[in-house]
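Structural overview for review
So you can see what is in the structure, the chains are spelled out below.
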Amino acid sequence: MKLKYILSIAVVALAGLSSCNDFLDKLPDTRVELSTPEHLRLLMVTGYTETNYCLYTELSTDNMIDNNSNPYNGLGIRYNLPAYGRGDDEAFAWEPVVSDTGSDSPSGTWQGCYHAIATCNAVLQKIEEFEAQGRGDEVAAIKGEALVSRAFHHFILANIFCMPYRGPELSKNLLGIPYSTEPEDKVLVHYERGTLAETYDKIRADLEAGLPLIDDAIYEVPKYHFNKQAANAFAARFYLYTREYDKVIEHANLAFGSAAADPSSYMSQIWSQTNLYYLEDFGRYYSNMSQSRNLMLFATYSSAARHYSGGRRYACNREAKRSTIQGPGPSWKNCRYKSSATGETFAMNPCFYAVSFVNGKQEYGTWFGAAVAEFFEYTDKVAGIGYTHLVRPEFYGEETLLCRAEAKLFTGDIAGCVADLKIWDEARKKNSSTDDRATELTPELIESFYASDADGYGIVKPIHIDEICPSDRYSVTAAIEPYLQCIQHFRRIETIHSGLRWFDIKRFGIEITHNIGMDRIEKLTMLDERRAIQIPAEVISAGLEPNSRPSDSASQLTVSKGEFVKAN
């Protein structure tokens with residue numbers, strides 16, 4: 001975790017040196033002295049990770065299947081498709097990812113987040129000097145950004161490398177992650193992980209101290225920083241995970257402007273566009289900072305789009321496809337279509353009609369939406385080499401709205417919950433090819449559709465949030481369960497390809513199964529230790545305590561060759 005945080009863009013003038021000896025007697029120092037608030041503001045540009053956690057977290061979810069696994073729907077066809085890389089095999093099997101250390105790997109997330117945190121710590125240390133000089137007002141907004149960014153990056157690390165948060169008491173028995181608050185200026189520092197309760201307490205302290213200080217006026221491009229809307233959207237997500245639902249509603253309202261504001265203006269307009277033809281067109285529109293739904297964007301180095309859309313071994317297909325992009329829902333269950341390739345008849349949300357893409361034949365390919373369009377930065381056009389980028393909407397209107405809907409549900413406002421769900425649903429009916437068979441979302445439709453998993457694809461799954469994070473104030477009752485199922489379903493569709501489904505699987509305690517190849521089945525149980533992705537091997541080698549792994553093979557089942565076993 002030894003990270004550089006000093007700017008390297010300065011140029012030291014060497015004119016006027018009287019002799020070679022004078023030059024050799026001096027240390028060449030190309031560092032920028034952080035002496036003005038403007039220096040600190042500019043340095044915070046690097047206070048955000050450029051890595052992307054979406055690939056390996058998405059591979060860990062029920063949004064992906066193994067195309068080489070047991071045949072689907074009696075087709076009796078076997079494939080031998082390659083994975084994009086060995087790291088994909090490891091992530092899909094919930095094994096430690098040791099074959100990939102790039103920006104799309106757990107190692108990349110660890111390094112990227114702690115690099116951003118190191119920047120925040122350098123800025124905060126210098127701000128203390130300004131405050132001691134009585135100049136705190138000059139740097140207050142920068143301090144707010146640094147505190148919220150530090151909280152956010154620790155939040156991501158905790159939700160990837162730790163078990164799910166289980167409340168203030170039970171989380172005292174779970175490993176946290178090192179919470180860095182000081183610039184690193186020593187080699188071989190020993191770090192303790194502490195408890196998850198301590199980690200969350202520190203995230204909360206930074207978030208609550210920084211949020212009131214945020215001032216959009218200091219940003220040249222606000223949507224690439226923690227502006228007021230994004231910071232409140234982060235707060236809404238944080239309190240959702242800690243089950244402080246009153247605070248979720250408060251901060252979601254602030255993200256939309258006020259409690260009286262209409263969130264419909266923060267829904268994507270992509271479904272109504274008629275001039276988008278290629279994946280790149282959709283990607284540019286989807287990640288455009290001018291879109292009101294995008295509250296905060298992360299520009300990342302990522303080749304995740306190639307893994308998702310390459311017609312490879314792991315894909316959003318079969319039951320994963322049928323429970324997300326090409327699956328039924330309460331208001332669109334009658335919108336049925338037929339695949340000309342496979343002959344299957346299925347229901348699909350009209351918003352995905354002509355707005356989703358397939359690579360490979362439908363029976364073994366991969367389906368993906370516009371959120372994973374790659375942007376390529378050429379360093380040599382002749383040689384055709386450069387960097388792959390993915391612009392990641394980290395906080396956006398739809399996800400924040402669904403956070404609020406869930407909070408309203410648990411606080412007893414079922415009507416308010418349904419109103420928010422209707423806003424999400426209606427926005428997706430604005431597709432230029434709208435299907436008139438779609439109906440208005442009503443409580444009756446929600447209750448009847450989510451009464452059981454009649455389609456068999458795993459849309460409705462047991463939710464164990466009360467066991468994961470017990471609360472004295474809130475619990476899942478029979479009256480609210482259909483609405484909670486609707487929320488997790490809508491969130492699953494909304495966040496597909498982003499990796500956020502993994503966080504929901506953890507906090508809801510959803511159990512999932514991965515069929516691997518022809519004779520291996522892995523089941524992830526409610527408190528399976530593999531829900532905490534293993535910290536990078538190089539960090540373990542440096543002395544940091546690793547996550548525990550299951551001590552036996554109870555999670556793995558085997559079946560005889562050719563036997564069809566359907567995942568729950």
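1. Description of the overall build of the chain
Counting secondary structure elements, the chain contains 20 helices and twelve strands. Long-range pairs, those at least 24 residues apart, make up 74% of the contacts in the chain between residues at least 6 apart in sequence. When the accessible surface of the chain is summed, it comes to about 23,400 Å², and 52% of that surface belongs to carbon and sulfur atoms.

2. Looking at the pattern of salt bridges
For the structure on display, the rule yields 41 salt bridges. For E399, the salt bridge identified is with R491, shortest N-O distance 3.2 Å. Of this pair, E399 sits in helix α14 (residues 397-410) while R491 sits in helix α18 (residues 481-494), and the two are 92 residues apart along the sequence. When the shortest N-O distance is used, the salt bridge between D420 and K408 registers 3.3 Å.

3. Considering the packing of aromatic side chains
Enumeration according to the criterion identifies 28 aromatic pairs in this entry. Summarising the aromatic geometry, the rings of F155 and Y200 are spaced 6.3 Å apart at their centres and angled 65 degrees between planes, so their arrangement reads as edge-to-face. Of this pair, F155 sits in helix α6 (residues 136-161) while Y200 sits in helix α8 (residues 196-210); the two residues are 45 residues apart in sequence, bridging distant segments of the chain. Here the two residues F155 and Y200 agree in accessibility, since each one is buried. Ring geometry for F226 versus F395: centroids 6.1 Å apart, planes at 50 degrees, classification tilted.

4. A short note on the side chain of R237
With respect to the secondary-structure elements, R237 resides in helix α9 (residues 228-242). Only 2.8 Å separates the side chain of R237 from the backbone oxygen of E394, close enough to count as a polar contact. Once residues lying within four places of it in the same chain are set aside, the contact partners of R237 are F155, E394, F395, E399, C403 and L500.

5. Side note on the packing of α14 against α18
When two helices pack together, their arrangement is given by the angle between the helix axes and by the axis-to-axis distance. One can describe the packing of α14 onto α18 by two numbers: an axis separation of 10 Å at closest approach and a directional angle of 170 degrees. In terms of orientation, α14 lies roughly antiparallel with respect to α18. Taking contact as the criterion, the partners of E398, E399, L402, C403, A405, E406, L409 and F410 in α14 are, on α18, Y483, L484, I487, F490, R491 and E494. In the contact of α14 with α18, the residues fall into nine nonpolar, no polar and five charged.

6. What to know about the sheet that holds strand β2 (residues 294-301)
Ordered in space as β2-β9-β8, the three strands form an open sheet in which the pairing is antiparallel. Each of the sheet's edge strands pairs with one partner strand only, and the pair in question is β2 and β8 (375-380). Ignoring which end each strand starts from, the neighbouring axes of this sheet average 25 degrees apart. In this fold α9 packs onto β2 and β9 (385-396), with an angle of close to 70 degrees to the strand it touches most, β9.

7. Looking at the environment of N317
Among the secondary structure elements, N317 is positioned in the loop between β3 (314-315) and α13 (318-322). The spacing of N317 and D66 is 251 residues in sequence and 8.5 Å in space, taken between C-alpha atoms.

8. Thoughts on the packing of helix α15 (residues 414-427) against α18
Where α15 contacts α18, the two axes come as close as 11 Å, and the packing angle between them is 25 degrees. Between α15 and α18, the angle is such that the two are roughly parallel. For the pair α15 and α18, the sense of crossing is left-handed. Of the residues in α18, those in contact with I414, C417, V418, L421 and W424 of α15 are Y483, C486, I487, F490, I493 and E494. Across the contact of α15 with α18, the residue classes break down as ten nonpolar, no polar and one charged.

9. Here's the deal with the confidence of the model for the chain
Within the chain, residue pLDDT values average 86, and 85% of them lie at 70 or more. Within the model, pLDDT remains below 50 along residues 552-568, and this stretch shows 37 contacts once partners closer than five positions in the same chain are excluded.

10. Quick word on unusual backbone geometry
Residues other than glycine seldom take positive phi values, yet W94 does so here, at roughly 60 degrees. Within the secondary structure layout, W94 lies in the loop between α4 (86-92) and α5 (106-132). You will see that H497, though not glycine, has its phi angle at about 75 degrees, which is positive. Tracing the backbone shows H497 in the loop between α18 and α19 (500-508).

11. Some thoughts on the nonpolar core
W110, F226, F234, L421 and F490 are the most contacted members of the largest nonpolar core, which has 147 residues in total. If one sorts the elements of this core by residue count, α6 sits on top with 14 residues.

12. Quick notes on helix α11 (residues 279-286)
Those residues of α11 not exposed but buried are L279, F282, G283, Y285 and Y286. Projection of α11 onto a plane perpendicular to its axis shows the buried side chains occupying an angular sector of 165 degrees, all on one side.

13. So, the environment of R491
R491 sits in the buried class, given a relative accessible area of 1%. Taking the C-alpha atoms as reference points, R491 and D504, 13 residues apart in sequence, are found 8.5 Å from one another.

14. Looking at the pairing of β2
Across the eight residues that make up β2, a large majority, six, are buried. Sheet topology places β2 next to β9; seven bridges connect them, and they run antiparallel. Looking at β9, one finds that F298 is bridged to R392.

15. Notes on the pairing of β8
One face of the sheet, then the other: side chains in a regular strand alternate in exactly this way. Summarising the sheet, β8 and β9 pair through five bridges and their orientation is antiparallel. Residue Y378 lies in a different strand from β9, and its bridge partner there is G386. Where β8 folds back onto β9 in an antiparallel hairpin, the turn is made up of four residues, including G384, whose phi is positive at roughly 70 degrees.

16. Thoughts on α18
Taking 1.5 Å per residue, 14 residues should reach 20 Å; α18 reaches 20 Å between its end C-alpha atoms and fits that length. Counting buried positions over the 14 residues of α18 gives 13, a clear majority of the element.

What counts as what
- Residues numbered from 1 in each chain as written.
- Predicted model: local features only at pLDDT ≥ 70, side-chain atom pairs only at ≥ 80, totals over all residues.
- Heavy atoms only, no water.
- Helix = DSSP H or I, 4+ residues; strand = E, 2+ residues; numbered from the N terminus.
- Contact = heavy atoms within 4.5 Å.
- Areas by Shrake-Rupley, 256 points an atom, 1.4 Å probe, with all protein chains shown as cover.
- Salt bridge = Lys/Arg side-chain N within 4 Å of Asp/Glu carboxyl O.
- Phe/Tyr/Trp six-rings, centres within 6.5 Å; stacked < 30°, edge-to-face > 60°.
- Buried < 20%, exposed > 50% of the residue type's maximum accessible area, 1.4 Å probe, protein only.
- Polar contact = N/O pair within 3.5 Å; in protein donor to acceptor, adjacent residues only side chain to side chain.
- Axes fitted to C-alpha atoms, helices over the stretch in contact; angles between N-to-C directions.
- Parallel < 35°, antiparallel > 145°, perpendicular 65-115°, else oblique.
- Nonpolar A, V, L, I, M, F, W, Y, C, P; charged D, E, K, R; others polar.
- Pairing = 2+ DSSP bridges.
- Left-handed = near helix turned anticlockwise from the far one by under 90°.
- pLDDT = per-residue confidence, 0-100.
- Core = buried A, V, L, I, M, F, W, Y, C linked by side-chain atoms within 4.5 Å.
- Arc of directions from axis to C-beta.
- Expected span 1.5 Å × (residues − 1).

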